[in-house]
Amino acid sequence: MEGYLGIIVIVVVVALVAAGGLFLLFRPGGKASPPPVEPPATIPLPEEKDQRPAAAPEEDQGATTTVPPPPVPVELVKEPEVEVPPPSAGRMVRLRSRLARSQSSFGRGLLELLSRDRLDDEVWDEIEESLITADVGVAPTQMMVEELKTKVKVLGSRTPAEVRGLLREQLLAQIDPGLDRTLHIAKHGERPAVVLVVGVNGTGKTTTTGKLARALVGDGKKVVLGAADTFRAAAAEQLQTWGDRVGAEVVRGPEAGDPASVAFDATAKGIEDKADVVIVDTAGRLHTKTGLMDELGKVKRVIEKKATVDEVLLVLDATTGQNGMRQAQVFAEVVNITGIALTKLDGTAKGGIVISVQRELGVPVKLVGLGEGPDDLAPFDPEVFVDAILGDD
């Protein structure tokens, strides 16, 4: 019995020792668990530590080269530079040579005829024909010829200087230097002066409006433009271009809109901006369209609800000759025309239209277009005009 007990005790002791060993072997963090440690796999070698910092610059460098370039600054649309036009004074003198080139054949022909030793009926007929061909008109021509005949008889013999003086005197008398050719553009207190520009299609009406605005800005005036020609698609854009060049405000309306409404808004804008002058460009309507002519009268009446219409300029093409007379007469029946702007005078030898249009309407030519340039619109000067026709002494 004692022998069995001893064996049991020994077995229990061995079992306890084995259990303790197993506990020590598998407990966490135990020193006897080398497999989890694996120093070479978990502890970076010194070379690896050195390589990591070395890799950082490469990563930074890579980042620098792959970052998109800085955004290009947005290029702002450059507004057109506002021009400073020359003043209107003296323009016709500067453009005299251009006028002389187109009118010299007319003047030289008359001087040559009047300088002949013998002035018979045949020569006087030629003189009369030259004047009529130049669109002086029949009645003014007959009057000039009669006056010249009388003066020639009184003088007897004639020197070239005397002939030139005779012709100059007669031309000036027909053009009438005494007519008031000033543009009425003085402000009425806080209200601007209003200029209404009228005329048929193709006479250069919108261009004349833009050139007039340019001339007034050159004279130191603040100008507002009204694009009341709503029937021609390009008219408003054309006027906008003229306004942008000199810094003039342009009031526009919808295409095919009410012209009277645009004219009213332009006048109101002129009052609001304390402008000196409002220039309203109307549609280039045909003078045979009664309804459209009535509408032109409406435009004038609507403007007069806000301000006074100080000038009504009729734009005529000098190359149309006597056909322009009918145009002028019909417009005069609708609105009270105060002045004529005669365009394309540099491109025709029919300068006598100045005489005939004034005689028919009793209205002075105030402006003349002497070229295609922006500053080729000039205040009409009768003496410069006649001297350009006759040439230098």
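Just so it is clear, the structure is predicted and the values come from calculations on it, not from any experiment. (Residues numbered from 1 in each chain as written. Predicted model: local features only at pLDDT ≥ 70, side-chain atom pairs only at ≥ 80, totals over all residues. Heavy atoms only, no water.)

Q: Let's hear about the pairing of strand β4 (residues 277-281): which residues, and what values?
A: With respect to burial, β4 is a largely interior element, five of its five residues being buried. Of the two faces of β4, the one holding Val277, Ile279 and Asp281 and the one holding Val278 and Val280 are both buried throughout. Bridging between strand β2 (residues 223-227) and β4 involves five bridges; their strand directions are parallel. Directly across from Ala227, in β4, lies its bridge partner Asp281. (Buried < 20%, exposed > 50% of the residue type's maximum accessible area, 1.4 Å probe, protein only. Helix = DSSP H or I, 4+ residues; strand = E, 2+ residues; numbered from the N terminus. Pairing = 2+ DSSP bridges.)

Q: An account of the environment of Glu272 is needed here, citing residue identities and associated values.
A: The residue Glu272 is located in helix α12 (residues 259-272) in this model. Distance in space between the C-alpha atoms of Glu272 and Pro192 is 9.8 Å, their sequence separation being 80 residues.

Q: If you had to explain the confidence of the model for the protein to someone new, which residues and values would you point to?
A: For any part of a model where pLDDT is low, the fine detail of the predicted coordinates should not be relied upon. Residues with a pLDDT of 70 or more make up 77% of the protein, whose mean pLDDT is 81. Counting contacts from residues 29-34, a segment whose pLDDT is below 50, to residues more than four positions away or on other chains yields two contacts. Below a pLDDT of 50 lies the segment residues 37-63, which in the model reaches two contacts outside its immediate sequence neighbourhood of four places, other chains included. (pLDDT = per-residue confidence, 0-100. Contact = heavy atoms within 4.5 Å.)

Q: Describe the nonpolar core, listing the residues and the values that go with them.
A: By size, the foremost hydrophobic cluster in this structure holds 77 residues, and its most contacted members are Met92, Ile127, Leu167, Ile340, Leu342 and Phe385. Examining the composition of this core, we find that seven residues originate from one element, helix α6 (residues 96-114), more than from any other. Ignoring anything within four residues of it in the chain, the contact list for Ile340 reads Leu313, Leu314, Leu316, Val357, Leu361, Val363, Pro364, Val365, Lys366 and Leu367. Core analysis: the second largest hydrophobic core is formed by 23 residues, Ile185, Val223, Val277 and Leu377 among them. (Core = buried A, V, L, I, M, F, W, Y, C linked by side-chain atoms within 4.5 Å.)

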